[in-house]
Amino acid sequence: MGYGDAVYAFCDKRADEIKEIDNIIVYTYEQLGECGFPYYIAIRDNNLFQDVKEQLLNDGKTLIDDLAIFVGADNQESSKVNSGYCPICEKETYFYEKGDWLRDEYLCLYCHSIPRERALVHVLNQFENNWRNLIIHESSPGGASADYLKNNCKSYTDSQFFRNINLGEYYNGVRCENLESLTFDSDSIDIFITQDVFEHVMNPIEAFKEIERVLKIGGVHIFTVPIYTKLDKTVQRAKIVNNELEHILEPIYHGNPIDQNGSLVTYDYGLDITKFFSNAISTTIYLEKNRQLGLDGEFLHVLICRKN
Ligand SMILES: [Zn+2]
């Protein structure tokens, strides 16, 4: 089966019949009209895609935006798809590459999660499979994995750090917490989650110590953070001196859902990341690459730090 001008399509109703990407049913436009909604259409040829899209829209039919971007890609190499099981959707899905940077561009068709989010949920299922019934707190949540945890754990709470709000108070319904100075009672939380937060923390030793304090004995801090495996030693990029921010290296900012200026990267963690944890913590660093679970891409480590 070549790509050529063929129209590759699959719809919800038949997705469960499609097991292998090579076996994707090929529809012509006429056939598409019969297969129900929503349509997930993958077309390798961008001009043909625009034609089909226009015809479908003229017929009053809707296309899913994200897929439209994916299928409309000019670069044929970027239109890569594999079938698999999404830990966040808890069902069979397709994972597709929207671009080369898999960390942010290898998405689940249904929940649009990125690999590190699926890795985190997969690790929770492996290491703390009773998590739905435990007390979970997540700092600075965002994305499909945080929504999933919130919807599936009765005792899930979250917080963000707002600069001018008192710690422990609420701003627009969201609790304000600073990782370096938490207001929670000691020994009160079963699972503390942070997803790509620690590369923005100014004083990680303090923050890890605080999380350890609020965890129950046997509780875990499960988190993702970029680990540069080529770095033997962690590199600090910025620090606070006399209440002033001082850049050690050229500043880099990541997107932040609550701050349009983004978040400054303070550390590039290396292989020595465990030096930031106390002796009372035992650490597992989990790395699985498995396309069946949508696990692939850069920086896919998940750390499991258990309080002994
Ligand atoms: Zn999914």
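What counts and how
Per chain, residue numbering runs from 1 following the sequence as it is written. Local features in this predicted model are restricted to residues whose pLDDT is 70 or higher, and side-chain atom pairs enter the listing and the counts only when it is 80 or higher, whereas totals over whole chains, interfaces and linings include all residues. Using C-beta atoms placed from the backbone, we call a residue buried if 20 or more other C-beta atoms fall within 10 Å of its own, exposed if 12 or fewer do, and partly exposed for counts in between. Comment: elements are numbered from the N terminus, with helices defined as DSSP H or I runs of at least four residues and strands as E runs of at least two. Paired strands, as defined in this entry, are two strands with at least two bridges between them according to DSSP. Under this scheme, a helix contributes an axis fitted over its contacting stretch, all axes are lines through C-alpha atoms, and angles between N-to-C directions fall in the 0 to 180 degree range. Throughout this description, the term nonpolar core refers to a group of buried Ala, Val, Leu, Ile, Met, Phe, Trp, Tyr and Cys residues whose C-beta atoms join them within 7 Å. What counts as a contact is two residues whose backbone-derived C-beta atoms lie within 7 Å of each other.

Looking up the chain in an unreviewed UniProt entry gives the name Class I SAM-dependent methyltransferase, with the organism given as Cohnella zeiphila.

Student: Looking at this model, I keep getting lost on the pairing of strand β10 (residues 189-195). Mind explaining?
Tutor: For a regular strand, side-chain orientation follows a simple rule: the groups alternate between the two sheet faces. Within β10, six of the seven residues are buried, leaving the element largely enclosed by the surrounding structure. Judged from the four bridges that link them, strand β6 (residues 135-139) and β10 form a sheet pairing that is parallel. Across the sheet, serine 139 pairs through a bridge with threonine 194, a residue of β10. When β10 meets strand β11 (residues 215-224), the two strands line up parallel, connected through six bridges.

Student: Sorry, what's going on with the sheet that holds strand β5 (residues 106-108) here?
Tutor: Across a sheet, strands are paired by hydrogen bonds formed along the backbone, either parallel or antiparallel in direction. Within the open sheet, the three strands sit side by side as β3-β4-β5. Their pairing is antiparallel. Each edge of the open sheet is held by one strand with a lone partner, namely β3 (80-86) and β5. Here the average twist between neighbouring strands, direction ignored, is 30°. Bridging between β3 and strand β4 (residues 91-97) involves seven bridges; their strand directions are antiparallel. In the strand pairing of β4, serine 83 is matched with tyrosine 94.

Student: Explain the nonpolar core to me, please; I cannot follow it from the model alone.
Tutor: Of all hydrophobic cores here, the largest spans 54 residues; its most connected members are Ile191 and Ile222. Secondary-structure elements contributing two or more residues to this core are β4, β5, α6 (115-127), α7 (144-152), β10, α8 (204-214), β11 and β19 (302-307). Ranked by the residues each element gives to this core, the list is headed by α6, at five residues.

Student: What's the story with the pairing of β4 in this structure? I'm lost.
Tutor: The element β4 is largely enclosed, with a buried count of five among its seven residues. Counting the residues in the hairpin turn of β3 and β4 gives four residues, including glutamate 90, whose phi is positive at 55°.

Student: Looking at this structure, I do not really get the sheet that holds β10. What am I missing?
Tutor: Strand order in the open sheet formed by eight strands is β8-β9-β7-β6-β10-β11-β19-β18, with mixed pairing between adjacent strands. Unpaired on one side and paired on the other, β8 (170-171) and β18 (281-286) mark the two borders of the sheet. Those strands touched by α6 are β10, β11, β18 and β19, and its axis lies near 155° from that of β11.

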